[in-house]
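Overview (structure and organization)
What follows is each chain in one-letter form.
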Amino acid sequence: MKIKYLGLIAGLVALTLAAATSCSRSEIHLSDTVCLSSPDGQLCATFGLTAEGRPCYRLDRAGAAVVRTSRLGFDLCDGTSLKDGFTLEGSKTATADETWHPVWGEERDIRNHYNELLLRLVREDGVRMNVRMRLFDDGLGFRYEFPQENKLRYFNIKEELTEFAMTGDHTAWWISGDYDTQEYNYSCTPLSGIRAASRATRLSNASATGFSDTGVQTALQLKTEDGLYINIHEAAVVNYPTTNLLLDDRTMTFRTWLTPDAEGVKGRMQAPCVTPWRTVMVVDDARKVLASRLILNLNEPCALDDVSWIHPVKYMGVWWEMISGRTEWSYTSELPSVQLGVTDYSALKPHGRHGANNENVRRYIDFAAAAGFDALLIEGWNEGWEDWFGCQKDYVFDFVTPYPDFDLPALNKYAHSKGIRLVMHHETSSSTVNYERHMDAAYALMNRYGYDAVKSGYVGNIIPYGEHHYSQPIINHYLLALKKAADYHIMVNAHEAVRPTGLCRTWPNLIGNESAMGTEYRAHINPGHTSILPFTRLQGGPMDYTPGIFEQDMSVTAPGQTGKMRHTIANQLGLYVTFYSPLQMAADLPDNYERFPDAFQFIKDVAVDWEQSLYLEAEPGEYIVTARKPRIETLNEAARGVAALPDGKEDMLSGAARFVYALPESATARSLAGAKPKDVWYVGGVCGENAHETVVTLDFLKPGLRYEAVLYADAPEADYETAPQAYTITRSEVSAGDSIPVRMARGGGFALSLREL
Ligand code: NOJ
Ligand code: CA
């Protein structure tokens with residue numbers, strides 16, 4: 001990347017060192033103000049100091065405030081305050097305009113274009129604290145930097161005092177502030193309504209720690225009366241706790257509320273060091289929130305030299321049958337307590353409901369292979385599940401010892417012979433200490449048998465006792481696990497881990513996270529949930545939402561269970577396009593898919609890695625319509641990989657090589673070698689509690705070509721409550737400029753594949 005340092009050259013960046021400027025309209029009086037403009041000149045960030053030397057900033061768009069003058073600073077645990085007494089020693093501007101290429105993503109090229117301002121603050125006592133601001137056309141990022149030459153060396157944070165002063169009682173899509181979980185439904189209220197609604201929004205969770213009725217989590221999506229969409233989040237959380245936001249609902253001012261560690265410390269720092277970026281996106285159209293790459297751009301470039309082993313994954317799981325209650329993770333009922341290494345499972349009678357048994361796993365491998373999928377997750381394969389939930393014990397799992405009825409080498413061999421990789425499951429029971437003890441052996445076992453992806457999980461309260469899922473030591477644990485996985489060429493999909501903040505740019509082996517309410521919550525999920533997540537949780541990175549549930553009635557999937565999920569089948573198909581993830585699951589049971597083979601075809605066909613993405617229509621909680629074009633490189637790799645496969649060799653093709661998804665007929669993929677990929681697009685739509693009519697205008701297709709369009713839509717009578725399985729499939733021939741009208745039912749959606757004829 002080229003960053004040009006401009007010093008104090010006026011022009012490109014509107015920089016002014018003056019007592020007051022046109023940018024500094026505010027109720028807090030500032031001196032020494034410095035202004036920074038976005039590349040397109042629409043946004044203006046102002047930094048200044050109060051009379052007491054307290055650093056502040058504000059953000060304007062087209063001359064009007066988006067963030068009123070807001071204070072910056074810290075209180076430290078030793079009583080030191082980093083709030084005031086600062087003078088501006090100097091400032092430096094820069095600009096960057098680069099295009100980078102994610103290993104996987106919503107598009108092949110991402111533009112990173114910003115103007116930057118570094119403010120060097122100093123105090124008479126020798127404390128130095130810099131603020132670095134980056135202003136993009138769609139928002140602001142800023143962070144604190146503590147340089148080496150500093151009176152501060154080791155220091156512990158009591159509170160980070162960064163404010164975001166809003167200009168009104170905006171509409172907010174929010175979940176309650178929590179130190180341990182994001183597995184909540186979103187609420188939509190004015191800011192003034194958060195306090196009253198907060199408690200009612202909480203679901204019981206294996207580990208949840210709220211802290212205030214006006215605490216909310218990032219990414220927080222807001223909408224102003226004037227139709228501006230503001231999104232407050234953070235980027236690149238490394239060696240620092242995750243923040244919540246605490247709202248003062250008299251002044252409509254948020255401030256950072258960091259997650260404390262077991263001793264109440266909210267950040268143990270050693271200079272030189274930096275904080276995560278605080279971000280405020282502001283755009284005038286909801287679609288631009290979905291198109292924004294602010295969070296990724298504020299993360300460091302890829303840290304890995306070799307990324308050839310990282311690939312998109314479309315997978316199934318021996319999973320929904322446990323989640324639904326049809327089978328279980330555990331093997332036996334004969335155990336009151338388990339001690340690994342002491343308990344002898346071979347002497348125990350199985351209860352007969354163990355899902356991860358050899359026969360069942362082989363059945364899934366056959367099904368996933370026939371569907372052309374890449375991989376199969378198996379949960380409940382390892383000893384310990386009889387005695388873990390809620391017992392808060394340190395050593396639950398060893399991550400290497402299979403149950404007697406799970407033949408790990410033979411099942412991997414069988415899977416590989418069918419072109420399927422098994423996905424490892426490491427439920428850590430939230431004992432990060434135990435996971436760290438066993439991690440090398442666990443990853444080495446994966447290497448030995450050819451697993452290249454792990455789903456990890458952090459259910460329950462964290463051990464070390466008193467830590468939180470979002471506290472600094474545990475943030476460090478997730479990164480340790482990710483880096484170590486990279487050493488072993490293993491891709492990671494972490495559930496219950498901290499919500500992502502764009503680290504997948506730096507560590508692209510982080511192919512997924514849960515970190516929000518996913519389909520495992522079954523009937524608890526509100527219909528509008530999936531039209532909010534792309535505005536909030538997905539801003540930081542892809543989600544393993546586990547879509548594709550065709551049978552909404554839990555009693556059909558698992559006799560004796562109750563509850564009906566609130567979506568239509570067409571809605572589930574639409575999610576494969578509206579939710580970006582390089583890791584996509586077909587989450588339902590094979591027998592549920594066998595009942596709807598024509599709808600299942602879309603899941604088999606759809607791509608998961610994209611050349612280009614277009615956001616056609618969007619409003620949080622209401623609807624999202626997205627069009628995406630599969631990545632050409634992946635197709636070419638598919639062609640090469642398939643051509644290079646020696647007959648009868650059990651070794652796996654790379655997942656990308658197997659991924660010939662964009663050409664549906666290419667399940668017999670050899671025919672693809674050397675072929676010129678056809679132009680293919682997928683369009684998906686989802687909507688919330690209200691039905692929505694949309695018109696897909698095909699102005700993104702190549703002029704002069706004819707395409708086959710296959711539309712999977714809600715049937716006229718479809719409705720998530722009364723007719724969730726009513727869908728239609730319509731084939732037609734279309735070309736660029738044609739329009740396809742589609743009605744999405746309540747809790748509905750649609751999927752459309754467009755393939756050059
Ligand atoms: C919670 C995860 O989100 C879910 O996917 C998993 O099956 C269970 N924990 C068991 O590890
Ligand atoms: Ca979960």
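Residues numbered from 1 in each chain as written. Chains lettered and ligands numbered in written order. Predicted model: local features only at pLDDT ≥ 70, side-chain atom pairs only at ≥ 80, totals over all residues. Heavy atoms only, no water.

Turning our attention to the overall build of the protein chain. Helices and strands together make up the secondary structure of the protein chain, namely 14 helices and 38 strands. Here the C-alpha radius of gyration of the protein chain, 26 Å, is about what a compact globule of 757 residues would show, namely 27 Å. Counting across all 757 residues of the protein chain, residues that qualify as buried make up 65%. Carbon and sulfur atoms provide 49% of the accessible area of the protein chain, an area that totals close to 26,200 Å². Positive and negative side-chain charges in the protein chain, numbering 71 and 96 respectively, have mean positions lying 3 Å apart. (Helix = DSSP H or I, 4+ residues; strand = E, 2+ residues; numbered from the N terminus. Rg over C-alpha atoms; globule rule 2.2 N^0.38 Å. Buried < 20%, exposed > 50% of the residue type's maximum accessible area, 1.4 Å probe, protein only. Areas by Shrake-Rupley, 256 points an atom, 1.4 Å probe, with all protein chains shown as cover. Lys, Arg positive; Asp, Glu negative; His and termini not counted. Charge placed at Lys NZ, Arg CZ, Asp CG, Glu CD.)

This part covers the packing of helix 10 (residues 569–578) against helix 12 (residues 597–605). With their axes 10 Å apart at the nearest point, helix 10 and helix 12 run at an angle of 10 degrees to one another. Taken together, helix 10 and helix 12 sit at an angle that is classed as roughly parallel. Contact residues: I569, L573, Y576 and V577 in helix 10; A599, F602 and I603 in helix 12. (Axes fitted to C-alpha atoms, helices over the stretch in contact; angles between N-to-C directions. Parallel < 35°, antiparallel > 145°, perpendicular 65-115°, else oblique. Contact = heavy atoms within 4.5 Å.)

Now for the sheet that holds strand 29 (residues 510–513). Pairing in this open sheet of 7 strands is parallel, and the strands run 29-28-27-26-25-24-30 from one edge to the other. Whereas interior strands pair on both sides, the edge strands pair on one side only; in this sheet they are strand 29 and strand 30 (583–585). For this sheet the average axis-to-axis angle between neighbouring strands, irrespective of direction, equals 25 degrees. Across the sheet, helix 7 (residues 432–449) lies against strand 26 (421–427) and strand 27 (453–457), angled at about 170 degrees from strand 26, the strand it touches most. (Pairing = 2+ DSSP bridges.)

A few words on the coordination of the calcium ion (ligand 2). Around the calcium ion (ligand 2), the protein contributes the donor atoms E183 (OE), E496 (OE), E514 (OE), E514 (OE) and E520 (OE), which lie 2.2 to 2.6 Å from the metal centre. Given 6 donor atoms and angles of 52 to 161 degrees at the metal, the environment of the calcium ion (ligand 2) is assigned as irregular. (Donors = N, O, S within 2.8 Å, 3.2 Å for Na, K, Ca; no water. Tetrahedral: all angles 85-135°; square planar, octahedral: opposite > 155°, others 65-115°.)

Before going further, it helps to examine the sheet that holds strand 6 (residues 74–76). Here we have 4 strands laid out as an open sheet, ordered 7-6-12-21, and antiparallel in their pairing. Only two strands of the sheet have a single partner each, and these edge strands are strand 7 (81–82) and strand 21 (268–270). In this sheet, strand 7 lies alongside strand 6 in antiparallel orientation, the contact comprising 2 bridges. Paired with D75 across the bridge in strand 7 is S81.

A few words on the packing of aromatic side chains. In the structure shown here, the tally under the stated rule is 34 aromatic pairs. Residues F550 and Y593 carry aromatic rings whose centres are separated by 5.0 Å and whose planes lie at 85 degrees to one another, so their mutual orientation is edge-to-face. Of this pair, F550 sits in the loop between strand 29 and helix 9 (554–557) while Y593 sits in helix 11 (residues 590–594), and the two are 43 residues apart along the sequence. Summarising the burial analysis for this pair, F550 and Y593 share the class buried. Taken together, the aromatic side chains of W329, W385, W388, F389, F397, F399 and Y435 make up a single cluster linked through ring pairs. We note K266 situated over the ring of W257; from NZ or CZ to the ring centre the distance is 3.8 Å. Positioned above the aromatic ring of Y470, the side-chain terminus of R499 is 5.2 Å from the ring centre. (Phe/Tyr/Trp six-rings, centres within 6.5 Å; stacked < 30°, edge-to-face > 60°. Lys NZ or Arg CZ within 6 Å of the ring centre and 35° of its normal.)

Once that is clear, we can look at the site of ligand 1. Around ligand 1, 13 residues are found, and the nearest of them are E379, E427, K455, E496 and E520. With respect to ligand 1, the side chain of K455 contributes an N or O atom lying 2.6 Å from an oxygen atom. Looking at the shell around ligand 1 residue by residue, the class counts come to 5 nonpolar, 2 polar and 6 charged. (Near = heavy atom within 4 Å. Polar contact = N/O pair within 3.5 Å; in protein donor to acceptor, adjacent residues only side chain to side chain. Nonpolar A, V, L, I, M, F, W, Y, C, P; charged D, E, K, R; others polar.)

Over its 16 residues, helix 8 (residues 472–487) runs 23 Å from end to end, which matches the ideal 22 Å to within 8%, given 1.5 Å per residue. Looking only at helix 8, the buried set comprises Q472, I474, I475, H477, Y478, L479, A481, L482, A485 and A486. Those residues of helix 8 that are buried lie in contact with strand 21, helix 7, strand 28 (491–495) and strand 29. Once helix 8 ends, the next one or two residues include H489, with phi positive near 55 degrees. (Expected span 1.5 Å × (residues − 1).)

Turning next to the pattern of salt bridges. With the rule as written, the count across this model stands at 45 salt bridges. Residue E619 is joined to K223 by a salt bridge in which the shortest nitrogen-to-oxygen separation is 3.0 Å. In this pair, E619 sits in strand 31 (residues 610–619) while K223 sits in strand 17 (residues 220–223), placing the two residues 396 residues apart along the sequence. With its nearest N and O atoms 2.9 Å apart, the salt bridge here joins E328 to R353. Separated by 25 residues along the polypeptide, E328 in the loop between helix 4 (320–323) and helix 5 (358–370) and R353 in the loop between helix 4 and helix 5 bring together distant segments of the chain. Classification of E328 as partly exposed rests on a relative accessible area of 28%. The exposure class of R353 is partly exposed, given its relative accessible area of 35%. Look at the salt bridges and you will find they share partners, linking E116, R132, R134, R143 and E145 into a network. (Salt bridge = Lys/Arg side-chain N within 4 Å of Asp/Glu carboxyl O.)

A few words now on the environment of L304. Counting through the fold element by element, L304 comes out in the loop between helix 3 (294–297) and strand 24 (313–318). The class for L304 is buried, based on a relative accessible area of 17%. Between the alpha carbons of L304 and T722 there is a distance of 50 Å; along the sequence they are 418 residues apart.

Summarising burial for strand 2 (residues 31–37): 5 of the 7 residues are buried, a large majority. As defined by bridge partners, strand 2 adjoins strand 3 (residues 43–49) across 5 bridges and the pair is classed as antiparallel. If you follow L36 over to strand 3, its bridge partner there is A45. Between the end of strand 2 and the start of strand 3, which pair antiparallel, lie 5 residues, with G41 showing a positive phi angle near 80 degrees.

Averaged over all residues, the pLDDT of the protein chain equals 92, while 91% of them reach at least 70. When pLDDT is averaged over each helix and strand of the protein chain, the minimum, 39, is found for strand 1 (residues 3–7) and the maximum, 99, for strand 18 (residues 229–235). Here residues 1–26 is modelled with pLDDT under 50, and outside its nearest four sequence neighbours on either side it reaches 68 contacts, counting other chains as well. (pLDDT = per-residue confidence, 0-100.)

Below, the discussion takes up the side chain of S753. Following the sequence through the fold, S753 ends up in strand 38 (residues 749–756). The exposure class of S753 is buried, given its relative accessible area of 11%.

A separate point is unusual backbone geometry. Trans peptide bonds make up most of the peptide bonds, and negative phi angles are found at most residues other than glycine. With an omega of -5 degrees, the peptide bond running from T218 to A219 counts as cis. Tracing the backbone shows A219 in the loop between strand 16 (215–217) and strand 17. At the junction of I463 and P464, the peptide bond is cis and its omega measures out at 25 degrees in the coordinates. Here P464 lies in the loop between strand 27 and helix 8. At D32, a residue that is not glycine, the phi angle is positive and equals roughly 50 degrees. Position of D32 among the secondary structure elements: in strand 2. Judged by its relative accessible area of 35%, D32 is partly exposed. Although it is not a glycine, F399 sits at a positive phi angle of roughly 70 degrees.

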